[in-house]
Amino acid sequence: MTQDVESLMALTPPWQTLAWPALDTSLQVLRLDQIDPVISGNKSYKLGLNLRQAQAQAAKQVISFGGAYSNHIHALAAAGQALGLKTLGVIRGEPHYASNPCLADAQAMGMQLHFVDRKTYAKRYQAEYWQGLEQQFGASYIVPEGGANVLGSQGCQPIAEAINRRFKTACDVFIASGTGTTAVGIASALQANSRLHVVNVLPQPESFEQDFTRQVAALNPAAQSTVSFVNAYHLGGYAKFNSASVALMDFAQQQWQLPLEPIYTAKAFSAFIDHAITQHERPQVFIHSGGLQGLRGCHKKIDSCRRQDGYQSSLARYQTAILDAREEGVLCPI
Ligand SMILES: *Cc1c(COP(=O)(O)O)cnc(C)c1O
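## Some words on the overall build of the chain
Here is step 1 of the chain: When you go through the chain residue by residue, the secondary structure sums to 14 helices and 10 strands.
Here is step 2 of the chain: Against the globule reference of 20 Å for 334 residues, the chain gives a C-alpha radius of gyration of 20 Å, in line with a compact fold.
Here is step 3 of the chain: Expressed along its principal axes, the backbone C-alpha trace of the chain runs to roughly 65 × 50 × 40 Å.
Here is step 4 of the chain: Within the span of the chain, comprising 334 residues, buried residues form 55% of the whole.
Here is step 5 of the chain: Sequence-distant contacts in the chain: of pairs separated by 6 or more residues, those separated by 24 or more amount to 74%.
Here is step 6 of the chain: Counting only carbon and sulfur atoms, one obtains 50% of the accessible surface of the chain, whose full area is about 14,600 Å².
Here is step 7 of the chain: Each charge class in the chain was averaged separately, 26 positive and 25 negative side chains, and the resulting centres sit 5 Å apart.

Structure (structure tokens):
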């Protein structure tokens, strides 16, 4: 069934309230993972304006880039199918990856996959490489890896607007950040005095914060939110996680039926919980940025984390904290 891009961009995410009996407050979650059964998470926001642009240019095909479990590639394939747009994914890795659940989905949704080695993939930002791709596969609209461009950030402003509408007062807002594209868009549109906590899921170069601030100002010179960069929760690198991450995922699922995954949302949720437990005068908002399809790529490691020593003690710590807020301090050890 073909949808148009406007209705895709008009999808609104539901809210979930998390009860925390020991605190006389509740925590608010904006469930971007639930905007649509197939096209989910922050990636769909980053794609919206890009796909509108592709259609405006009458592009026959959209090309983008990603790893073997890329949420972005998955979302692009889904959006392409919904909109009747041909999609091609340039994938870092070998052709046999095509049978993994993420890429099998992408192919089933009509995406053509083009596998390249690391050296070739490293050229993914070069104009010359893009021209070569167009020569090989036909004229296309090209979206950078992760949907990381200005239209990607701008497409995320409605996430902030949804928060502004729900809370008339300033709040603390937490989001997982990889490239920062999503957080830039949110920071540019969040109401005055609200604070966006940008939880980096990997160590960032020194230039990251300046670049971020510059991009926010470029999108909206009158932006009024404040931004905190949170660097203590990346666990050593992108996609690195441990038994405490898995304990938090299992706890959130058991306690609130809130599904998380270890690459992005568990790291941000960990920072969120640590903050909310000590500071909850104003609304505490967690943006669930999606990514749950990626869980299918890390079941083995998750299972092995559950068998490690730290798992039970971490789980017990959460279970105690929810009933007894006097157990204060940092819950999520790094
Ligand atoms: C890609 C992704 C992010 C990071 O988004 P950026 O715009 O690159 O910062 C966060 N959460 C999930 C679930 C993602 O898939």
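## Structural notes on the site of the ligand
Here is step 1 of the chain: Neighbouring residues of the ligand: 15 residues in total, closest Lys 43, Lys 46, Thr 179, Thr 182 and Ser 289.
Here is step 2 of the chain: Contact distances for the ligand include 2.8 Å between an oxygen atom and a backbone N or O atom of Gly 178.
Here is step 3 of the chain: Note that a nitrogen atom of the ligand is positioned 2.6 Å from one of the side-chain N or O atoms of Ser 289.
Here is step 4 of the chain: Taken by itself the ligand offers 380 Å² of open surface, and the protein chains cover 98% of this.
Here is step 5 of the chain: Secondary-structure elements contributing two or more residues to the shell around the ligand are helix H2 (42-56), strand E7 (172-177) and helix H9 (181-187).
Here is step 6 of the chain: Ranked by residues supplied to the shell around the ligand, first place goes to H2 with three residues.
Here is step 7 of the chain: A breakdown of the residues in the shell around the ligand according to their chemical character gives two nonpolar, 11 polar and two charged.

## Describing the pattern of salt bridges
Here is step 1 of the chain: All told, the structure shown has eight salt bridges when counted by the stated rule.
Here is step 2 of the chain: Here Arg 31 makes a salt bridge to Asp 33, at a shortest N to O gap of 2.8 Å.
Here is step 3 of the chain: The buried category is assigned to Arg 31, whose relative accessible area is 5%.
Here is step 4 of the chain: What makes Asp 33 buried here is its relative accessible area of 10%.

The rules behind these values
- Residues numbered from 1 in each chain as written.
- Predicted model: local features only at pLDDT ≥ 70, side-chain atom pairs only at ≥ 80, totals over all residues.
- Heavy atoms only, no water.
- Helix = DSSP H or I, 4+ residues; strand = E, 2+ residues; numbered from the N terminus.
- Rg over C-alpha atoms; globule rule 2.2 N^0.38 Å.
- Buried < 20%, exposed > 50% of the residue type's maximum accessible area, 1.4 Å probe, protein only.
- Contact = heavy atoms within 4.5 Å.
- Areas by Shrake-Rupley, 256 points an atom, 1.4 Å probe, with all protein chains shown as cover.
- Lys, Arg positive; Asp, Glu negative; His and termini not counted.
- Charge placed at Lys NZ, Arg CZ, Asp CG, Glu CD.
- Near = heavy atom within 4 Å.
- Polar contact = N/O pair within 3.5 Å; in protein donor to acceptor, adjacent residues only side chain to side chain.
- Nonpolar A, V, L, I, M, F, W, Y, C, P; charged D, E, K, R; others polar.
- Salt bridge = Lys/Arg side-chain N within 4 Å of Asp/Glu carboxyl O.

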